[in-house]
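The lines below spell out each chain.
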Amino acid sequence: TFAAVGDIIIRRPVAELEEPGFQALTKVMREADMTYANMEGPIVDQKDPNYHGPAAGGPITIVDDLKAMGIRVMTTSNNHTMDGGAEGMFMTNRLLDEAKITHAGSGKDLAEARQPSIGITPKGTIGVVGMFSIDPSSSPGSSRYSDARDKVPGLNPLHVTPYNIVTAEQM
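In this report, we go over the structure that sits alongside the text.

Rules of the game
For every chain, the first residue of the written sequence is number 1, and numbering continues from 1 onward in sequence order. This being a predicted model, a pLDDT of at least 70 is required before a residue's local features are given, and a value of 80 or more before pairs of side-chain atoms are given or counted; all residues contribute to the totals for chains, interfaces and linings. Based on all heavy atoms of the structure, the side-chain values leave hydrogens and waters out of the count. Strand pairing is assigned whenever DSSP identifies at least 2 bridges connecting the two strands. Numbering of helices and strands runs from the N terminus, with a helix taken as a DSSP run of H or I at least four residues long and a strand as a DSSP run of E at least two residues long. Note on geometry: axes are C-alpha line fits, over the in-contact stretch for helices, and angles between N-to-C directions span 0 to 180 degrees. Patch definition: residues above 30% relative accessible area lacking any salt bridge, with like charges linked at up to 9 Å and the nonpolar side chains Val, Leu, Ile, Met, Phe, Trp and Tyr linked at up to 5 Å. Method for areas: the Shrake-Rupley scheme with a 1.4 Å probe, in which residue coverage is limited to the protein chains shown. Salt bridge, as used here, is a side-chain nitrogen of Lys or Arg placed within 4 Å of a carboxyl oxygen of Asp or Glu. A 3.5 Å cut-off defines polar contacts: any pair of N or O atoms within that distance qualifies, except that in protein one atom must be a possible hydrogen donor and the other a possible acceptor, and neighbouring residues in sequence count only when both atoms are side-chain atoms. Buried means the residue's accessible area, taken with a 1.4 Å probe over protein chains only, is under 20% of the maximum for its type, while exposed means over 50%, and partly exposed covers the values in between. Only protein atoms enter the 1 Å grid, on which a cavity is a set of points fitting a 1.4 Å probe that cannot get out and a pocket is an open set with protein on both sides within 12 Å along at least 5 of 7 lines, lining residues being those with an atom within 4 Å of a point. Grid points are joined across faces, edges and corners, and a volume is the space filled by probe spheres set on the points. All residues other than Ala, Val, Leu, Ile, Met, Phe, Trp, Tyr, Cys, Pro, Asp, Glu, Lys and Arg, Gly among them, are scored as polar; the first ten of these are nonpolar and the last four charged.

1. Observations regarding the sheet that holds strand S5 (residues 73–75)
An order of S1-S2-S5-S6 is seen for the four strands of this open sheet, with the pairing classed as parallel. Of all the strands in the sheet, the pair left with one neighbour each is strand S1 (2–8) and strand S6 (102–104). This sheet shows a mean twist of 20 degrees between the axes of neighbouring strands, independent of strand direction. Where strand S2 (residues 34–39) meets S5, three bridges bridge the pair, whose relative direction is parallel. Bridge pairing in S5 places Asn 38 opposite Thr 75.

This is the structure we're talking about:
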């Protein structure tokens, strides 16, 4: 069984959250053979002497929440990956590795960010790649991601050109 949820944005511990809807969702997630989510932002340990970035993303304690929710595979390439700078991205990947959560989409360079990762369960194996769509709708008002290969190394870009087609009647 494969369960998929969207963006994970956790700013405070949620494992003890008693809200019935949340508990019902996490029950489905935990019971699946593999559960996927997108890590929307960095996980940082601001006490780590190697971290010198901004106070962004979620605290290191959310790794325990991810595991408690049953998340076993994540993508890490999105418009918030670099909110903690390169240090935050590297720390997120290291923390996910330590937690044995399979992840893809970011890395030390473009080649590493494009590498697929493999998740193995007793019932099957999955592969995951993570991509961040680079277009005006995903980064409104920002030129920071206009060419991720040059400006944001370590993110796997998927360049997209949006087209809006309207009929004469709609016009």
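Read on for the rest.
2. Considering a nonpolar patch on the surface
A contiguous nonpolar patch, built from Val 129, Met 131, Leu 158 and Val 160 and spanning about 310 Å² of accessible area, is present on the exposed surface. Relative to the helices and strands, Val 129 resides in the loop between strand S8 (124–128) and strand S9 (132–134).

3. Topic: the side chain of Ser 77
Structurally, the position occupied by Ser 77 is in the loop between S5 and helix H3 (85–98). Separated by 3.5 Å, the side chain of Ser 77 and the backbone nitrogen of Phe 132 make a polar contact. For Ser 77, the side chain forms a polar contact with the main-chain nitrogen of Asn 156, separated by 3.4 Å.

4. Some remarks on the pattern of salt bridges
According to the stated counting rule, one finds five salt bridges in the structure shown. In this structure, Glu 31 engages Lys 27 in a salt bridge whose closest nitrogen and oxygen atoms are separated by 2.8 Å. Pair noted here: Glu 31 and Lys 27 are both in helix H1 (residues 20–31), with a separation of four residues, about one helical turn. Judged by its relative accessible area of 55%, Glu 31 falls in the exposed class. A salt bridge links Arg 94 to Glu 98; the shortest N-O distance between them is 3.1 Å. One end of the pair, Arg 94, and the other, Glu 98, are both in helix H3, four residues apart, so they sit about a helical turn from each other. Connected through salt bridges with shared partners, the residues Asp 48, Arg 94 and Glu 98 form a single ionic network.

5. Observations regarding empty space enclosed by the protein
Per the counting criterion, the structure on display carries one cavity of 30 Å³ or more. Approximately 40 Å³ is the volume found for the largest cavity. Met 39, Gly 41, Pro 42, Thr 76, Thr 81, Met 89, Thr 92, Asn 93 and Ser 106 are the residues that line the largest cavity. It is H3 that provides the largest number of residues to the lining of the largest cavity, a total of three residues. Per-class residue counts for the lining of the largest cavity are three nonpolar, six polar and no charged.

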